[in-house]
Amino acid sequence: MAKKESSTKSFVLRVDSETMDAIEKWAADEFRSTNGQLQWIITEALKKSGRLKKKKES
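Computed from a prediction, not measured in an experiment: that's the story for all the values here.

K.L.:
Teacher, can you tell me more about the overall build of the chain here?
P.N.:
Tallying secondary structure elements over the chain gives two helices and zero strands in all. Relative to its full complement of 58 residues, the chain shows a buried share of 9%. Element-wise, carbon and sulfur atoms account for 53% of the exposed surface of the chain, whose accessible area totals about 6,200 Å².

Okay, structure coming up:
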């Protein structure tokens, strides 16, 4: 079975320092990088709103 390549896109995100401090602390509490935490937050919000298609389990 061929491995499906994932693609990621980079973008600049501006947040105020208080928000960034909270995200960094949350990421540390969850043993994630700040980037990983932001990806998780966005993915969870998209799932909750029904805007992200569910992946089929192998």
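K.L.:
What am I meant to see in helix α2 (residues 34-49) here?
P.N.:
The terminal C-alpha atoms of α2 lie 23 Å apart, and with 16 residues this matches the ideal 22 Å at 1.5 Å per residue to within 8%. Of all the positions in α2, only G36, Q37 and L38 are classed as buried. Those residues of α2 that are buried are in contact with α1 (17-29). Looking one or two places after α2, you find G50, whose phi comes out positive at around 80°.

K.L.:
Please explain the pattern of salt bridges as it appears in this structure.
P.N.:
Side chains bearing opposite charge may pair, as long as their charged atoms lie close to each other. Inspection of every chain in the model, using the stated rule, returns three salt bridges. As a salt-bridge pair, E30 and R32 come within 3.1 Å of each other at their nearest N and O atoms. Given a relative accessible area of 36%, E30 falls into the partly exposed group. Since its relative accessible area comes to 30%, R32 is described here as partly exposed. Taking the shortest distance from any N to any O, the salt bridge between E44 and K47 comes out at 3.8 Å. With a gap of three residues between them, E44 and K47 both fall in helix α2, about one helical turn apart.

Definitions and limits used
- Residues numbered from 1 in each chain as written.
- Predicted model: local features only at pLDDT ≥ 70, side-chain atom pairs only at ≥ 80, totals over all residues.
- Heavy atoms only, no water.
- Helix = DSSP H or I, 4+ residues; strand = E, 2+ residues; numbered from the N terminus.
- Buried < 20%, exposed > 50% of the residue type's maximum accessible area, 1.4 Å probe, protein only.
- Areas by Shrake-Rupley, 256 points an atom, 1.4 Å probe, with all protein chains shown as cover.
- Expected span 1.5 Å × (residues − 1).
- Contact = heavy atoms within 4.5 Å.
- Salt bridge = Lys/Arg side-chain N within 4 Å of Asp/Glu carboxyl O.

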